[in-house]
Amino acid sequence: MLDRNFVRANLDFVRKRLSTRGGDYSIEELVSVDAELKKIVLRSDDLRRQRNEASEEIGRLRKSGQDTSVRQSQVKEISNEIKSLEETSRSLEEKLNSILHGIPNLPHETVPAGSDEAANAEVRRWGTAPHFDFAPLDHVDLGTALGILDLDRAAKIAGTRFSLLRAAGALMERALINFMLEVHVTQHGYTEVLPPFVANSTSLFGTGNLPKFATDLFRLEGTDYYLIPTAEVPVTNIYQNEILEGETLPQKFVAYTPCFRSEAGSYGKDTRGLIRQHQFNKVELVKFAHPDKSYEELEALTRDAEEILQRLGLHYRVVVLCTGDMGFSSAKTYDIEVWLPSQNRFREISSCSNFEAFQARRAGIRFRGADGKRQFVHTLNGSGLAIGRTWLAILENYQQRDGSVVIPQALRPYMRGLEVLRK
RNA sequence: GGAGAGGUGUCCGAGUGGUUUAAGGAGCACGCUUGGAAAGCGUGUGUAGGGGCAACCUUACCGGGGGUUCGAAUCCCCCCCUCUCCGCCA
């Protein structure tokens, strides 16, 4: 959510920055509704003042035994006028909010302009793609043949876009979770949290998932509970409506959670395999940062996520998303993309974003600065990493001619020393 | 799920319709006092909006939302959360 006062004072700038995102946002209407609302609030504040004064006077008069009926009917009239003004201001406020809540964050000035992913810019690249002197298989064929992946039975249990891991496959999933948590906690200084896997609508509003993206979520019928689409939601909301002490920033959290996404509108996309699932595991990094430091923190967070891929020896690149490809709440996003031999290209395995004050304003997350003034923190997060995609990247990148898969060194301590996955 | 008790400022805590401008205390800040400190004394100390160059003025806020009333922290209704007991349950 943008700051109303900022929008009002920087109309051209806001319009210009928003235009790079594509889509039409009713800035003019926002400003006119805001001005109208202000007038009404001014008027009703004044009426309230009159009412307070008169009511007090009635109290005094009564005490001295005087008649107050004339005064009372006057105040009654004032109250009626206030009531009707309140109705108007309520409807204006609803209008204002529905506009304001639908406006995405302003892209940071360092974000390249562009309408879709073609305008994303590669920032750096690490490692090299593996060379195979045989035709590499994809993770579905590999995993199924190894007996560690069973998509058919998962479909029987739940449906399409769900998976069932078996034996060493399940073990590797669990090992990846532990490995990533350990690295981020012991090497990068994050505090581990294990949050609820369900969140209410207030929390989802705070992170920007609601009201605009309700169809992406699974809602528990007849309740205000939603399955979380990412740990970002519960972890960012840890400090919902709180004022933090400035010295405690930055605060860094890492959380493992499963993630649930309806994937409405992605029917034709990535239908094969583990790339796009209704349920997947993820280790997420979340930071609450001082506004002056948040871009440094974004660089550091991205590096923290990259280090996981380096330790696993997986070839990847980092791209900065262009204005048109960024998520609703983000001011700047780096995607980390891992090399997938079966697709002969890079695929997203992590998305690291600085939301600046956009989420903090929605969720009411502030801090007390050195001058004693309160301001909104900046929130950041990034996958560190998506477990399912890491799992399949290992299968594809470490496969051998005989269909076996070498387990990366870094992971072996978490897998009872197992070195190779084979039938 | 049932019964009961609660939710007031940074914290504790008083307050069942009108000098509440939220008592009192603790904490914190500043000052006085002191060789220094503690104690003591004094003053100040919430959030969000609007107005003013400023001192200041003003509106809202006592878990959230409605209502009654000239006037609501206080009365009524709905909801949320916490605690205790019971039931159920891993």
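Cut-offs applied
Residues numbered from 1 in each chain as written. Chains lettered and ligands numbered in written order. Predicted model: local features only at pLDDT ≥ 70, side-chain atom pairs only at ≥ 80, totals over all residues. Heavy atoms only, no water. Near = heavy atom within 4 Å. Polar contact = N/O pair within 3.5 Å; in protein donor to acceptor, adjacent residues only side chain to side chain. Helix = DSSP H or I, 4+ residues; strand = E, 2+ residues; numbered from the N terminus. Nonpolar A, V, L, I, M, F, W, Y, C, P; charged D, E, K, R; others polar. Phe/Tyr/Trp six-rings, centres within 6.5 Å; stacked < 30°, edge-to-face > 60°. Buried < 20%, exposed > 50% of the residue type's maximum accessible area, 1.4 Å probe, protein only. Domains from an automatic or database assignment.

**Quick word on the protein's contact with RNA strand B**
As a matter of local geometry, RNA strand B sits amid 19 residues, with Asp45, Ser55, Val75, Ser79 and Arg374 nearest to it. When the atoms of RNA strand B within 4 Å of the protein are grouped by moiety, sugar and phosphate amount to 77% of the total. Between RNA strand B and the protein, one listed contact pairs a base nitrogen with a backbone N or O atom of Ser55 at 2.7 Å. At 3.2 Å, a side-chain N or O of Lys83 approaches a phosphate oxygen of RNA strand B. Every element with two or more residues in the surface near RNA strand B is listed here: helix H3 (27–63) and helix H4 (69–100). By residue number, the principal contributor to the surface near RNA strand B is H3, which donates eleven residues. Taken together, the residues that form the surface near RNA strand B break down as three nonpolar, five polar and eleven charged.

**Observations regarding the packing of aromatic side chains**
Any pair of aromatic rings gets described here by the distance separating the centres and the angle formed by the planes. Within the structure shown, the criterion is met by ten aromatic pairs. Here Phe6 and Phe13 contribute two aromatic rings whose centre-to-centre distance is 6.3 Å and whose plane-to-plane angle is 85°, an arrangement assigned as edge-to-face. Between Phe132 and Phe134 the ring centres are 5.3 Å apart and the planes differ by 65°, which places this aromatic pair in the edge-to-face class. The exposure class assigned to Phe132 is buried, which follows from its relative accessible area of 16%. Judged by relative accessible area, which is 17%, Phe134 ranks as buried.

**Notes on the domain arrangement of chain A**
Here chain A is described as being made up of domain 1 (4–100) and domain 2 (117–421). The straight-line distance from the C-alpha centre of domain 1 to that of domain 2 is 44 Å.

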